[in-house]
Amino acid sequence: MNHPPSDEHEPRPEPHPEPWLADALDELRPAAPRAELRASLRARFVGGDAPAGQEHTEPSAASPRAPRSPRTQRPASVGPTARWRAIALATLAAAIAAFVFLRSAPPPRVELVASEASDVTLDGAPVALDELEERLLAGATVRNAANAVRLRLDDVALVELAPHTELTLRPWGPGGDGEARLELRRGGVRVVTAPTFAPRRLTVAAPHAEVAVVGTEFGVDVVEGSGTCVCCTHGRVAVRALGRESVEQLAAGEMAFCFSSRAEPMRGPVKDDHSAAVIALRRFEWPAAKAPR
Amino acid sequence: MTHESTSSAPAPGRRLPASGDRATSFGFDLAARQALARGDREQLARLFDLAFERVHGYIARMVADEHIAEDLVQDSFVRIQRGLATYRPECALRPWLFTIASNVLRDHFAARRQAALDVDALAAEPVDRHEAPSVRVEHSERAAAARAALATLSEQARAVIVLRHFEGLSYVEIAAALRISEDTARQRYVRGLAKLRVRLVSFAPKAGEPS
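Rules of the game
Residue positions within a chain follow its written sequence, with the count starting from 1. Each chain gets a letter, beginning with A, and each ligand a number, beginning with 1, in the order they are written. With the structure being a predicted model, the display of local features is reserved for residues of pLDDT at least 70 and the display and counting of side-chain atom pairs for 80 or more, all residues being used for whole-chain, interface and lining totals. Only hydrogens and water are set aside; all other atoms, that is, all heavy atoms of the structure, feed into the side-chain values. Numbering of helices and strands runs from the N terminus, with a helix taken as a DSSP run of H or I at least four residues long and a strand as a DSSP run of E at least two residues long. Three exposure classes are used, based on accessible area relative to the maximum for each residue type with a 1.4 Å probe and protein chains only: buried under 20%, partly exposed in between, and exposed over 50%. Throughout, a contact is declared for two residues whenever any of their heavy atoms are within 4.5 Å. Only the protein chains shown count as covering a residue, and every accessible area follows the Shrake-Rupley method with a 1.4 Å probe. Only strands joined by at least two bridges in the DSSP assignment are considered to pair. Note on definitions: angles span 0 to 180 degrees between N-to-C directions of axes, and those axes are lines fitted to C-alpha atoms, for helices only across the stretch in contact. Aromatic rings from Phe, Tyr and Trp, with only the six-membered ring used for Trp, were paired whenever their centres fell within 6.5 Å, and each pair was classed as stacked if the ring planes differed by under 30 degrees, edge-to-face if by over 60, and tilted otherwise. Note on criteria: charge over ring means Lys NZ or Arg CZ within 6 Å of the ring centre, with the direction from the centre no more than 35 degrees off the ring normal. Just to be clear on terms, a salt bridge is a Lys or Arg side-chain nitrogen sitting within 4 Å of an Asp or Glu carboxyl oxygen. Working rule for angles: under 35 degrees goes down as roughly parallel, over 145 as roughly antiparallel, 65 to 115 as roughly perpendicular, anything else as oblique. Note on convention: the crossing is left-handed when the near helix lies turned anticlockwise from the far helix by less than a right angle, right-handed when the turn is clockwise. Only Asp, Glu, Lys and Arg are considered charged in this grouping, and only Ala, Val, Leu, Ile, Met, Phe, Trp, Tyr, Cys and Pro are considered nonpolar; every other residue, Gly among them, is considered polar. Confidence scores labelled pLDDT are given residue by residue by the predictor and lie between 0 and 100.

### What to know about the overall build of chain A
A tally of regular secondary structure across chain A gives six helices and 17 strands. Expressed as a percentage of its 293 residues, the buried residues of chain A come to 44%. The long-range share in chain A, meaning contacts at least 24 apart out of those at least 6 apart in sequence, stands at 46%. Carbon together with sulfur atoms contributes 56% to the accessible area of chain A, which is approximately 14,900 Å² in total.

Put into structure tokens, the structure is as follows:
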């Protein structure tokens, strides 16, 4: 039986399984790894060739991988000067490419769809439709009352603000470069992305959680005084609860409730009424050639 | 914020316990770890010989299928090999290795969430109906019950139990490997044991019997 070691600096008594429980667990012995696997993996790990007759033929992920560190594989003919010259040229080429790309990349756009300007206020004041986009992109705080409001970002993401929502949009850069953030303070948002969303990055920052879009549909709702509920109905989202380092990966049909107490998030299936509001956005008609999921 | 859970090697030194203790580094002293970081073949061979069964045991207890376990073990050692380029010799080796193995498992479970749920569902089914002799060697009814009981735990709780009970890691090392706090590691161990106790109570000695 394996006895776990005692940690230093741990004043609390060490929890140990009872002998009968430890004995039962100790019978849980996995099958011994195949000798061929061990030999071939060892040969590649150490950097030599596989032993004769034990070349690895499985279609595993290891076969195309480099056998040793780049340091030992560097061709002897490439000296430091040549290497630095190559790095400098590559950097220059990348800078030129980035400059050309950024100059030609379109700026981010945001539109109000299926809603009226009268449904929203920006920084607490009514706003005219013709200045709505500019002020949203400039970081104005959006509030809506009893009517839901839909915003379309760059024709690749549809964001619906639930009634009585307050949020600020931090858009991505020209051409979708960088990360866009929706800073949700109260209410809720449902997000649906178009197939052309990738490789953009969008994060919803709620009071008790951050939710990263990984090409998906999801909803985030702030429950005052309790926490933030994240529901994923398609694809995946990555959720990090406030004050916690671990990231929860939510797949379609899963929810996580991030507590304001910073307790471990509670996970479970998405409730029907929560998913319905998100799924309803699938009927949104994206511009030509950008069909909804 | 991280968008994909695709990290392999932990960030250099991030939350990894500093090593001054050879026990937390498979007996590698600082000079040996420095040689390892330089790609010394002798040290690489030594590390492999010391760590292979440990990493395999950890992964094989975490996933139901031995073939998947083998794939994940290979993934782990490929990532370990790549990660040596950024490994800092002053950090303990053992939690570093198990961090990489845990990352491989995390990616696997995230990608195959449904498969993981199937594993968890084992507890509700008679174990022998799911067992193929080539998949796993069960030595007794008690072993089968133990495996089913372990499968009912969450991935994180299962990882804590395996790392603590079978691999003998300290809470500090487990916390580093699973990116959780030391207290959380301890709590999950205690709660995991409690659940296992309930599931396996039929194997507890009856009152009056010697334990």
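Picking up after the structure, the text goes on.
### A look at the overall build of chain B
Looking only at helices and strands, one finds nine helices and zero strands in chain B. Mapped from its N terminus to its C terminus, chain B presents α and β elements in the order α-α-α-α-α-α-α-α-α. Going through the 211 residues of chain B one by one, you find that 56% of them count as buried. Of all intrachain contacts in chain B linking residues separated by at least 6 positions in sequence, the fraction that spans at least 24 positions is 70%. By element, 52% of the accessible surface of chain B is carried by carbon and sulfur atoms, the whole surface being about 8,600 Å².

### Some thoughts on the environment of G139(A)
All names here are of chain A. Along the polypeptide, G139 turns up in the loop between α5 (129–137) and β4 (141–144). Note: C-alpha distance between G139 and R170 (31 residues apart in sequence) is 6.0 Å. If we ignore the near neighbours within four places in the chain, the residues touching G139 are T168, L169 and R170.

### Here we look at the sheet that holds β4(A)
All names here are of chain A. Taken in spatial order, the nine strands line up as β3-β2-β4-β7-β8-β10-β11-β14-β15 in an open sheet, and their pairing is mixed. Sheet topology places β3 (125–126) and β15 (248–251) at the edges, where each strand pairs with a single neighbour. Note: strand β11 (residues 209–213) against strand β14 (residues 236–241), five bridges, orientation antiparallel. Note that in β14 the partner of A212 across the bridge is A238. Of the strands in this sheet, β2 (120–122), β4 and β7 (166–170) are in contact with α5, which crosses β2 at around 55°.

### Describing the sheet that holds strand β6 (residues 157–161) of chain A
Residue and element names in this part refer to chain A. If you walk across this open sheet you meet the eight strands as β1-β5-β6-β9-β12-β13-β16-β17, and the pairing is antiparallel. Where the open sheet ends on each side, the last strands, each with one partner, are β1 (110–113) and β17 (266–269). In this sheet, adjacent strand axes meet at a mean angle of 20° when their direction is disregarded. With five bridges connecting them, β6 and strand β9 (residues 188–193) associate as antiparallel partners. Bridged to L158 within β9 is V192. Here α5 sits on the sheet in contact with β1 and β5 (149–153), set at roughly 135° to β1. Running over the sheet, helix α6 (residues 272–279) touches β6, β9, β12 (217–223) and β13 (227–234) and is turned about 60° from β13.

### As for the environment of E90(B)
Positionally, E90(B) belongs in the loop between α3 (66–83) and α4 (93–111). The spacing of E90(B) and L30(B) is 60 residues in sequence and 6.8 Å in space, taken between C-alpha atoms.

### Examining the packing of aromatic side chains
Between two aromatic rings, the relevant description is the distance of the centres plus the angle of the planes. According to the stated counting rule, one finds nine aromatic pairs over all chains in the structure shown. Where F45(A) meets F48(B), the ring centres are 5.7 Å apart and the plane angle is 40°; that geometry is what we call tilted. Residue F45(A) is found in helix α2 (residues 35–46), and its partner F48(B) is found in helix α2 (residues 41–62); the two belong to separate chains. The burial state of F45(A) is the same as that of F48(B); both residues are buried. Within the aromatic cluster, the residues linked to one another by ring pairs are F45(A), F48(B), F52(B) and F77(B). Positioned above the aromatic ring of Y171(B), the side-chain terminus of R164(B) is 4.0 Å from the ring centre. Its end group placed over the ring of Y189(B), R164(B) keeps NZ or CZ at 5.9 Å from the ring centre.

### Details of the pattern of salt bridges
Pairing is possible between side chains of opposite charge, provided their charged atoms come close. Within this structure, the stated rule accounts for 25 salt bridges over all chains. Between R61(B) and E167(B) there is a salt bridge; the shortest N-O distance is 4.0 Å. Here R61(B), found in helix α2, pairs with E167(B), found in the loop between α7 (155–166) and α8 (171–178); they are 106 residues apart in sequence, far enough to count as distant. Because the salt bridges share partners, they merge into one network encompassing R38(A), R42(A), D49(B) and E53(B).

### Things to note about the packing of α4(B) against α8(B)
All names here are of chain B. Relative to each other, α4 and α8 sit at 40°, their axes nearing to 7 Å. Judged on the interaxial angle alone, α8 and α4 are oblique. α8 is crossed by α4, and the crossing has right-handed handedness. Between α4 and α8, the residues in contact are R94, P95, F98, T99, S102 and R106 and E173, A176, A177 and L178, respectively. In terms of residue class, the contact of α4 with α8 is made up of five nonpolar, two polar and three charged.

### Digging into the confidence of the model for chain B
Close reading of the predicted structure is inappropriate where its pLDDT is low. All names here are of chain B. Overall, the predicted model of chain B reaches an average pLDDT of 76, with 73% of residues at or above 70. Between residues 1–8, whose pLDDT stays under 50, and residues either more than four places distant or in other chains, the model counts 33 contacts. Scored below 50 in pLDDT, residues 10–16 makes 21 contacts in the model with residues more than four places away or belonging to other chains. Interface confidence for the predicted complex, expressed as ipTM, amounts to 0.72; the pTM equals 0.45.

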